[in-house]
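Per-entry structural report
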Amino acid sequence: MSAPATQSANKQKTPPQAQPRTITGAEAVIAALVEEGVDLIYGYPGGAIMPIYDALYDYQDRVKHVLVRHEQGAVHAAQGYARVTGRVGVCFATSGPGATNLITGIADAQIDSTPLVCITGQVASHLLGTDAFQETDVMGISMPVTKWNYQITKASDIPAAIAKAFYIAKSGRPGPVLLDITKDAQFNKLEYEYEPCTGIRSYNPVPKARPDDIEAAAKLINGAKKPFILVGHGVLLSGAQEEFKTFVEKTGIPAASTLLGLSAFPANHPLNVGYLGMHGNYGPNVKTNQADVIIAVGMRFDDRVTGNLSLYAKQAKIVHIEIDPSEIGKCVKADVAINADAKEALTLLTSRVTANAHPSWLQEFHDCDAIELEKVIKKDFALPENSIKMANVVQRISDKTKGEAIVVTDVGQHQMVVSRYYKFIGTDTNVTSGGLGTMGFALPAAIGAKMGQPDKEVVAVIGDGGFQMTLQELGTIFQEQTAVKIVLLNNNFLGMVRQWQQLFFDRRYSFVELKNPNFIKIADGFGITARKVEHPSELDAAIDEMLAHTGPYFLEVVVEKEENVFPMVPTGASVADIRLE
């Protein structure tokens, strides 16, 4: 064959270049989401986002949309999905009240480092700033609580903005991104091409650990007599659970978890000494102020962990491993700061520390455990006649699920009891609202968690106060038949506030007692199998029945009305001054 003929044959074999296609901005939104691998969206339609919903109609074979009952439910469900999958959660809302109803969940995601892309409709661009129907300045409102926000007024900007949104949401320290798209940008047409974002100039989301910092940290750790490790959410976010376990086992250092760090390190590991914080275990709090070196991994030294900062760990050298440079030195000054991803930092650090053990120091934690057992835990599990304590419920669920269930909690006393008594063995199984403390989080977040991990048991443990903030999402569970197991711990109080009023406000119970509805009838109205337990003898059988049930299940457990959660670090106190009663 002659050379020209060969060239001609090769030319014919070359596939034609895909040509840009002309589509509407609304269709570009959905097409771009599909390009990013999105297969699940939570949302609530309305006028300003209607073109996007119309485009979504033609993509139902590729993207599942879940119609929630309130926009706050959409964003919390997206959070739950993101927390258990590591993928970006996506939610839709319309302009005005639809967009503002997302703000609580967006703020929650920002402080707890949850990757979200929230897409809101907006009035037409020529109406911006005119106080048009359902117009709000969602850019101004959301700016303080997003990692990035952007208003799209041109259809041609949609593909690049969505690509950038996903890159920012999931890179480095994850967080929420909001895109506000005007109605004309949704209707207008563009030549659609999509290119994923792989980098942004001046944005360095994953800084590399400096060798000098690794060496300095290793030197401190190798020379420590009473070292202590604090494991935070960053270990889970970086997927560094195995690297963390290897580091702990090589160094022999006791480790305790922050609230969001729970499930990063198995509860039954011999070097896991418990849970840090205001209602955490006695030993980790007291021993913080006796350690000579503290290694903080992927945590931000928030006030619930430190107590009074002026009294926090003044005797200790601090090694802080943190991907977000703004968190380093913000609350606690680090003697050695390793600004890097936890997985990289732990891998490098493990190679440079010496194998060690600290049996006498570890025994000090166990001695504290014995004190806590006598002063607190035995009381928590005591069963007064004809009444149930929260710990009884949580321990039974923990035992019956072998610590492997995904447990979603709301905010309040029940949250602290779960954190103390559910023994998290499985990884990425603790889903709760940490930094913002959002009541109403658990029910919709559990929907997202179950949809993200359909083969895992998902148990939502909720107080009667928080439950009533988002109970309308029972409608979503009913429509989708999401097999969430809901455990309502009912004490007819806003329990945590009541506890504080008892201890610090002379029992002046100001507007904390709840006259609750018939929760069983409400669950039944949504077609959800329900049972109420009031006597200890009924508890085991009810939990067994709930866990054996194949669909959604609602279990109401009436617990002691004025039970308190101890230990407790009072506001303004040192962690060493934690109260046991």
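Preceding this paragraph is the structure being described.
Throughout what follows, the structure given in this document is the object of discussion. (Residues numbered from 1 in each chain as written. Predicted model: local features only at pLDDT ≥ 70, side-chain atom pairs only at ≥ 80, totals over all residues. Heavy atoms only, no water.)

Description of the overall build of the protein
Counting secondary structure elements, the protein contains 24 helices and 20 strands. By the compact-globule yardstick of 25 Å for 581 residues, the protein fits well, its C-alpha radius of gyration being 26 Å. When its C-alpha atoms are laid out on the principal axes, the protein stretches across 85 × 60 × 55 Å. When the 581 residues of the protein are sorted by exposure, 57% land in the buried category. The long-range fraction of contacts in the protein, counting pairs at least 24 apart against all pairs at least 6 apart in sequence, stands at 76%. Summed over all atoms, the accessible surface of the protein reaches about 23,600 Å², with 52% contributed by carbon and sulfur. Where the 53 positive side-chain charges of the protein centre and where its 64 negative ones centre are 4 Å apart. (Helix = DSSP H or I, 4+ residues; strand = E, 2+ residues; numbered from the N terminus. Rg over C-alpha atoms; globule rule 2.2 N^0.38 Å. Buried < 20%, exposed > 50% of the residue type's maximum accessible area, 1.4 Å probe, protein only. Contact = heavy atoms within 4.5 Å. Areas by Shrake-Rupley, 256 points an atom, 1.4 Å probe, with all protein chains shown as cover. Lys, Arg positive; Asp, Glu negative; His and termini not counted. Charge placed at Lys NZ, Arg CZ, Asp CG, Glu CD.)

Regarding the packing of helix α17 (residues 390-401) against helix α18 (residues 413-421)
Look at α17 against α18: their axes get within 9 Å of each other, and the N-to-C directions meet at 45°. Relative to α18, α17 is oriented oblique. The handedness of the crossing between α17 and α18 comes out as right-handed. In this structure, α17 uses M390, A391, V394, Q395 and S398 to contact α18, whose residues at the interface are Q413, H414, V417, V418 and Y421. (Axes fitted to C-alpha atoms, helices over the stretch in contact; angles between N-to-C directions. Parallel < 35°, antiparallel > 145°, perpendicular 65-115°, else oblique. Left-handed = near helix turned anticlockwise from the far one by under 90°.)

Let's talk about the layout of surface pockets
Considered as a void within the structure, the second largest pocket measures approximately 480 Å³ in volume. Around the second largest pocket, the lining is made up of 25 residues, and of these A267, G274, N281, R420 and K423 lie nearest the centre. Of all the secondary-structure elements, those providing two or more residues to the lining of the second largest pocket are β11 (272-275), α16 (359-381), α17 and α18. The element best represented in the lining of the second largest pocket is α16, accounting for five residues. Of the residues assigned to the lining of the second largest pocket, the class counts are eleven nonpolar, nine polar and five charged. (1 Å grid on protein atoms, 1.4 Å probe; cavity = no way out; pocket = protein on both sides within 12 Å on 5 of 7 lines; lining within 4 Å. Points joined across faces, edges and corners; volume = space filled by probe spheres on them. Nonpolar A, V, L, I, M, F, W, Y, C, P; charged D, E, K, R; others polar.)

Concerning the packing of aromatic side chains
Under the criterion given, the structure shown has 13 aromatic pairs. Ring plane angle 70° and centroid distance 4.9 Å describe the contact between F381 and Y421, whose orientation is recorded as edge-to-face. In this pair, F381 sits in helix α16 while Y421 sits in helix α18, placing the two residues 40 residues apart along the sequence. Taking relative accessible area as the criterion, F381 reaches 21% and is therefore assigned partly exposed. In this structure Y421 comes out as buried when scored by relative accessible area, which is 7%. Taken together, the ring pairs in this structure connect F228, W361 and F365 into an aromatic cluster. Sitting over the face of the ring of F493, R498 holds its NZ or CZ atom 5.8 Å from the ring centroid. (Phe/Tyr/Trp six-rings, centres within 6.5 Å; stacked < 30°, edge-to-face > 60°. Lys NZ or Arg CZ within 6 Å of the ring centre and 35° of its normal.)

What to know about the packing of helix α4 (residues 71-85) against helix α6 (residues 103-111)
Packing of α4 against α6 brings their axes to within 7 Å, and their N-to-C directions diverge by 25°. One element, α4, and the other, α6, form an angle in the roughly parallel class. Contacts between α4 and α6 pair Q72, V75, H76 and Q79 from the former with T104, G105, I106, D108 and A109 from the latter. For the contact of α4 with α6, a count of residues per class yields three nonpolar, five polar and one charged.

Things to note about empty space enclosed by the protein
Tallied over the full model, the rule gives two cavities of 30 Å³ or more. Here the residues of the lining of the largest cavity are counted per class, giving two nonpolar, five polar and no charged. Around the second largest cavity, the lining residues are V394, I397, V407, V418, Y422, V459 and V461. Elements with a minimum of two residues in the lining of the second largest cavity: α17 and β17 (458-463).

Note that all results are geometric; they support no functional claim without further evidence.
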